[in-house]
2 protein chains.
Amino acid sequence: MKTSVAGFRFGGISAGIEEGRRPDLALLVADADVPVAAAFTRNRLKGAPVLLSQDRVRSGIARAIVVNSGNANACTGKPGIEDAQRLTRAVAVALEGDERRVLCASTGPMGVRLPVNRILPHVDALATLARPEGFEEFAATILTVDRGPKIAYAEVSLGRIKVGVLGCAKGASMIGPNMATTLAFVVTDAAIEGRWLRSSLKEEVDLTFNDVSVDGEASPNDSLFLLASGRAGNKPLDGGADGRAFRAALRDVLDDLAHQVVRDGIGASRVMTIEVAGAPDVKAARQVARRVACSPLVKTALFGASPDWGRMLCAAGNAGVDLDPDRVDLWIGGVQLVADGVALGGDSVERAEQEMARESCTVRLHLHAGQGEGRHVTCDLSDEYVRLQSQHRL
Amino acid sequence: MKTSVAGFRFGGISAGIEEGRRPDLALLVADADVPVAAAFTRNRLKGAPVLLSQDRVRSGIARAIVVNSGNANACTGKPGIEDAQRLTRAVAVALEGDERRVLCASTGPMGVRLPVNRILPHVDALATLARPEGFEEFAATILTVDRGPKIAYAEVSLGRIKVGVLGCAKGASMIGPNMATTLAFVVTDAAIEGRWLRSSLKEEVDLTFNDVSVDGEASPNDSLFLLASGRAGNKPLDGGADGRAFRAALRDVLDDLAHQVVRDGIGASRVMTIEVAGAPDVKAARQVARRVACSPLVKTALFGASPDWGRMLCAAGNAGVDLDPDRVDLWIGGVQLVADGVALGGDSVERAEQEMARESCTVRLHLHAGQGEGRHVTCDLSDEYVRLQSQHRL
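All values derive from a computational prediction rather than experimental measurement.

Trainee: Would you mind going over the overall build of chain A with me for this structure?
Mentor: Of regular secondary structure, chain A possesses 12 helices and 15 strands. Its C-alpha atoms give chain A a radius of gyration of 22 Å, near enough to 21 Å, the size a compact globule of 394 residues would have. Based on the C-alpha atoms only, the size of chain A along its principal axes is roughly 70 × 55 × 35 Å. A total of 394 residues make up chain A; the buried ones form 60% of that total. Of the contacts made within chain A by residues no fewer than 6 positions apart, 81% connect residues no fewer than 24 positions apart. Taken as a whole, chain A presents about 14,400 Å² of accessible surface, with 47% of it coming from carbon and sulfur. Charge centroids of chain A, computed over 46 positive and 49 negative side chains, lie 5 Å from each other.

Trainee: Sorry, what's going on with the interface of chain B and chain A here?
Mentor: Accessible area lost upon the coming together of the parts serves often as the stated size of an interface. The partner chain A presents 56 residues to the 56 residues of chain B that form the contact. Counting each side, the surface lost to burial between chain B and chain A is near 4,400 Å², with a carbon and sulfur contribution of 60%. Applying the counting rule to chain B against chain A returns 2 salt bridges. A:D322 is the salt-bridge partner of B:R44, the closest N and O atoms lying 2.8 Å from each other. If you look at where chain B meets chain A, you find 14 residue pairs in polar contact (both at pLDDT 80 or more). Elements with a minimum of two residues in the side of chain B that touches chain A: helix 9 (296–303), helix 10 (309–317), strand 13 (342–343), helix 11 (348–356) and helix 12 (383–391) of chain B. The element contributing the most residues to the side of chain B that touches chain A is helix 10 of chain B, with 7 residues. Its residues placed into classes, the side of chain B that touches chain A shows 26 nonpolar, 19 polar and 11 charged.

Trainee: Help me out: how do you make sense of helix 7 (residues 240–263) of chain A in this one?
Mentor: Spacing of three or four residues puts side chains on the same side of an α-helix, whose turn is 3.6 residues. Over its 24 residues, helix 7 of chain A runs 34 Å from end to end, which matches the ideal 34 Å to within 8%, given 1.5 Å per residue. Within helix 7 of chain A, the full set of buried residues consists of A:G243, A:F246, A:R247, A:A249, A:L250, A:V253, A:L254, A:L257, A:A258, A:Q260, A:V261 and A:V262.

Trainee: How do you make sense of the environment of A:L183 when you look at a structure like this?
Mentor: All names here are of chain A. Positionally, L183 belongs in strand 7 (residues 183–188). Through-space distance from the C-alpha of L183 to that of V349 is 39 Å; in sequence the pair is 166 residues apart. With near-sequence residues (within four places) excluded, L183 lies in contact with V67, A105, S106, T107, C168, A169, K170, N221 and S223.

Trainee: Before we go on, may I ask you to explain the sheet that holds strand 13 (residues 342–343) of chain A in this structure?
Mentor: Residue and element names in this part refer to chain A. Read from one edge to the other, the open sheet built from 7 strands follows the order 8-15-10-14-11-12-13, with strand pairing classed as mixed. Every interior strand has two partners, whereas the edge strands, strand 8 (212–213) and strand 13, have only one. Relative to strand 14 (residues 360–366), strand 10 (residues 271–279) runs parallel, the two being bridged by 7 bridges. Counterpart to I274 in the pairing with strand 14 is V363. Its contacts with the sheet place helix 7 against strand 8, strand 10 and strand 15 (372–379), and it is angled at close to 45° to strand 15. In the packing of helix 8 (residues 282–294) onto the sheet, the strands contacted are strand 8, strand 10, strand 14 and strand 15, and the crossing angle to strand 15 comes to about 20°.

Trainee: Please explain the pairing of strand 11 (residues 329–332) of chain A as it appears in this structure.
Mentor: Residues A:D329 and A:W331 line one face of strand 11 of chain A and the alternating positions A:L330 and A:I332 line the opposite face, and both faces are buried. Linking strand 11 of chain A back to strand 12 (residues 335–339) of chain A in an antiparallel pair, the connection comprises 2 residues, with A:G333 at a positive phi of about 60°.

Trainee: Can you help me understand the domain arrangement of chain A in this one?
Mentor: Residue and element names in this part refer to chain A. If you check the domain split of chain A, you get domain 1 (8–263) and domain 2 (271–391). If you average the C-alpha positions of domain 1 and of domain 2, the two centres end up 33 Å apart. Taken together, the links from domain 1 to domain 2 amount to 3 salt bridges. In this structure, the connection of domain 1 to domain 2 is made through 10 residue pairs in polar contact (both at pLDDT 80 or more).

Trainee: I keep staring at the sheet that holds strand 14 (residues 360–366) of chain B and nothing clicks. Help me out?
Mentor: The pairing of strands in a sheet happens through backbone hydrogen bonds and is either parallel or antiparallel. Residues and elements named next belong to chain B. Taken in spatial order, the 7 strands make up an open sheet running 8-15-10-14-11-12-13, and their pairing is mixed. Unpaired on one side and paired on the other, strand 8 (212–213) and strand 13 mark the two borders of the sheet. The pairing of strand 11 (residues 329–332) with strand 12 (residues 335–339) spans 3 bridges and is antiparallel. Looking at the pairing, L330 lines up with V338 of strand 12. In this fold helix 8 (residues 282–294) packs onto strand 8, strand 10 (271–279), strand 14 and strand 15 (372–379), with an angle of close to 20° to the strand it touches most, strand 15.

Trainee: Can you walk me through the relation of the copies chain B and chain A in this structure?
Mentor: In this arrangement, two copies of a chain are superimposed by a rotation about an axis accompanied by a shift along the axis. Overlay of chain B on chain A (RMSD 0.0 Å): rotation 180°, translation along the axis 0.0 Å. In the structure described here, the two chain copies are related by an operation that fits a two-fold rotation axis. Residue B:D383, judged by its C-alpha, is the member of chain B lying nearest the rotation axis, at 2.6 Å.

Trainee: In this structure, what is going on with the side chain of B:T3? I would like to understand it.
Mentor: Assignment of secondary structure puts B:T3 in the segment before strand 1 (8–13). Apart from the residues within four sequence positions on either side, B:T3 is in contact with B:P132, B:F135, B:E136, B:I151 and B:L166.

Trainee: Sorry, what's going on with the pairing of strand 7 (residues 183–188) of chain B here?
Mentor: A regular strand places its side chains so that they alternate between the two faces of the sheet. All names here are of chain B. Within strand 7, 6 of the 6 residues are buried, leaving the element largely enclosed by the surrounding structure. Across the two faces of strand 7 the burial is the same, with L183, F185 and V187 and A184, V186 and T188 all buried. One ladder, built from 6 bridges, connects strand 6 (residues 161–170) with strand 7; its direction is antiparallel. Bridge pairing in strand 7 links V165 to T188.

Trainee: Is there a simple way to think about the confidence of the model for chain A in this case?
Mentor: Detail in the predicted coordinates should be disregarded across regions flagged by low pLDDT. Residue and element names in this part refer to chain A. Here chain A shows a mean pLDDT of 92. Residues at 70 or above account for 97%. Predicted confidence is poor over residues 177–181, with pLDDT under 50, and the contacts of this stretch with residues over four places away or in other chains come to 31 contacts. Overall fold confidence for the complex sits at a pTM of 0.87, while the interface term, ipTM, reaches 0.87.

Trainee: What is the right way to look at the packing of helix 8 of chain A against helix 10 (residues 309–317) of chain A in this model?
Mentor: For any two helices packed against each other, one specifies the inter-axial angle together with the distance between the axes. Residues and elements named next belong to chain A. Look at helix 8 against helix 10: their axes get within 8 Å of each other, and the N-to-C directions meet at 130°. Between helix 8 and helix 10, the angle falls in the class oblique. Like other packed secondary-structure pairs, helix 8 and helix 10 cross with a definite hand, here right-handed. Judged by residue contacts, V288, R291 and V292 of helix 8 engage M312, A315 and A316 from helix 10. Across the contact of helix 8 with helix 10, the residue classes break down as 5 nonpolar, no polar and 1 charged.

How each quantity is defined
Residues numbered from 1 in each chain as written. Chains lettered and ligands numbered in written order. Predicted model: local features only at pLDDT ≥ 70, side-chain atom pairs only at ≥ 80, totals over all residues. Heavy atoms only, no water. Helix = DSSP H or I, 4+ residues; strand = E, 2+ residues; numbered from the N terminus. Rg over C-alpha atoms; globule rule 2.2 N^0.38 Å. Buried < 20%, exposed > 50% of the residue type's maximum accessible area, 1.4 Å probe, protein only. Contact = heavy atoms within 4.5 Å. Areas by Shrake-Rupley, 256 points an atom, 1.4 Å probe, with all protein chains shown as cover. Lys, Arg positive; Asp, Glu negative; His and termini not counted. Charge placed at Lys NZ, Arg CZ, Asp CG, Glu CD. Buried area = accessible area lost by both parts, 1.4 Å probe. Salt bridge = Lys/Arg side-chain N within 4 Å of Asp/Glu carboxyl O. Polar contact = N/O pair within 3.5 Å; in protein donor to acceptor, adjacent residues only side chain to side chain. Nonpolar A, V, L, I, M, F, W, Y, C, P; charged D, E, K, R; others polar. Expected span 1.5 Å × (residues − 1). Pairing = 2+ DSSP bridges. Axes fitted to C-alpha atoms, helices over the stretch in contact; angles between N-to-C directions. Domains from an automatic or database assignment. Least-squares fit on C-alpha atoms with pLDDT ≥ 70 in both. pLDDT = per-residue confidence, 0-100. Parallel < 35°, antiparallel > 145°, perpendicular 65-115°, else oblique. Left-handed = near helix turned anticlockwise from the far one by under 90°.

Take a look at the structure:
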């Protein structure tokens, strides 16, 4: 897989934030100020890096993003904001740029001050070692409890010009819908008109990252950034056939990363996609899909490979959507278990059990109440999830 | 504890619905038609017994309730309704009463027809053995995966007249807010005006059963019934000081039962009460309390006795309530962990850990945004929960 696009450099270094000298400070830097779009957590509680970056991306232009693991810089009050400002200022100085063009993101424990004095001496070295081939180091540095890095790449031809879309993500816990889940960074060498970049990202995040969850909880630090260097030399995208082609590539990358985040969910052993069709509208379809996916009863059934259609229907009935239970059909994989709200019985449960036992399965619900379609991707709730989450100490 | 009130008889019998000849058919019968109020699941998916009883309680009058365990009679379509009708008709015949005054409730697996032909031969015997002292048999017969029966009693003096309120409940799984959680049956010998009986029950259920959860999932069969025989001979209650006194006793019984349901939640080892104060209004306070209580991150922390204030604040921030994270205070037991949204540190975590390790603990959040107060009671999410819920087979 290609792991570079023209116009960007990447690096990772150990700055002593985490114990054991693991790389914990990462830098993504564009060769010049470039258009940027971003999505942030919708949690009312926002970490200092989110508050700072949210403010700065309003300009639509960015030069660099500095990211640390080992500390979330959340619930740290005004001093936390000042810490984030100091760090981005140091990066701007090292790049001989404007600090307002430097964004930041943090992940790790909450409620602890960022050790800025320990970090600052490493910033110059990080800026120096950042290189076009450094994406894998960057992707590894931002991880916390992840089992491994998550990288995706897609290419698309705009006439004779090829553009690349490259992204990475981190995240294994506190992952829920309704936000730009987790940390994710996407770069492209395509030239893109700023307003269209922002609207495109918003729509594509909604269809990808916002339709996956591990435990349904949006973290205070979730951030997703998209930067476009324009180095491919195409006519700046703002829609049309080229725009659609680019959007498809962007969606591929985001969807790939979102799936990787779910597969690497804490304690996860299986992935399940809930597809809802025939809902009154798209919003209702997504709401039902999400409610089914987030039910602990459904998620434990998935862990046990039990095709418990009753729990799925029950969760759908609790979704707050006006559905007629007497019209609902339900399939697991290719096996229909419920028709018009009534269990089919026979050997359907036995056959569906084989579908549930796979590494990934699809549950389809048809509500026969309209044209709305939606989906949600989630993982199981395992004994390993409980073990890891209950043993975690502050 | 007293387990009878004048005017009601109770019984339980094995009718061969469950395997192993365990008692599975229960009857609650009033000496005459009496005022009734009820609360039912708000799940869109409703079992046949809920559909039938919901229709019949509209009359405000009932004579008896027949309850079975071992079969939910849900997702059984029109034949399921007819099965419930046949069963209540047989009970009416045995009591020489009107079938429209016979209510019903079922709990057990979904999607299987109720074996009415097997049940009907036992109905006469059940009607005959029902007796004023049979409440404990009734309470035991309605159980499924419960560890034990849940009974509560309260007494109140209305002038010189003493009235009793007696209730029982079942339920250990599929227990969530926003409904009349689980099956519960409450009887009183007080005389009560019908309309006031219904409004009182609605309000008190909202403050008790609707503020507890085990896994946050309302079942299709949740039902709660309150019948008043009037045998105490008091002037029919419809408010005033006597009404308030009765309401306090009713709330005690409902609250006691609701707590028993949580303590007996599947796999539960600890109970946690989330109290929210200073919310914009009562609805917002309850919403925040419920969101914190239902977070799998908070529930696994409770299992591990980890005072993870960060997960609690994070869940509060996801509650969809307009709160200012920089003003939130948080305590566990008597230990303050967060002031104005900032972690206090020091030995607060260590001290709070002792509070979390108890059988039950209280988390208090103050939002400093108004006068609204609310609470939610829940249990932990344990490895035992995952084991039991994932091993369950259709």
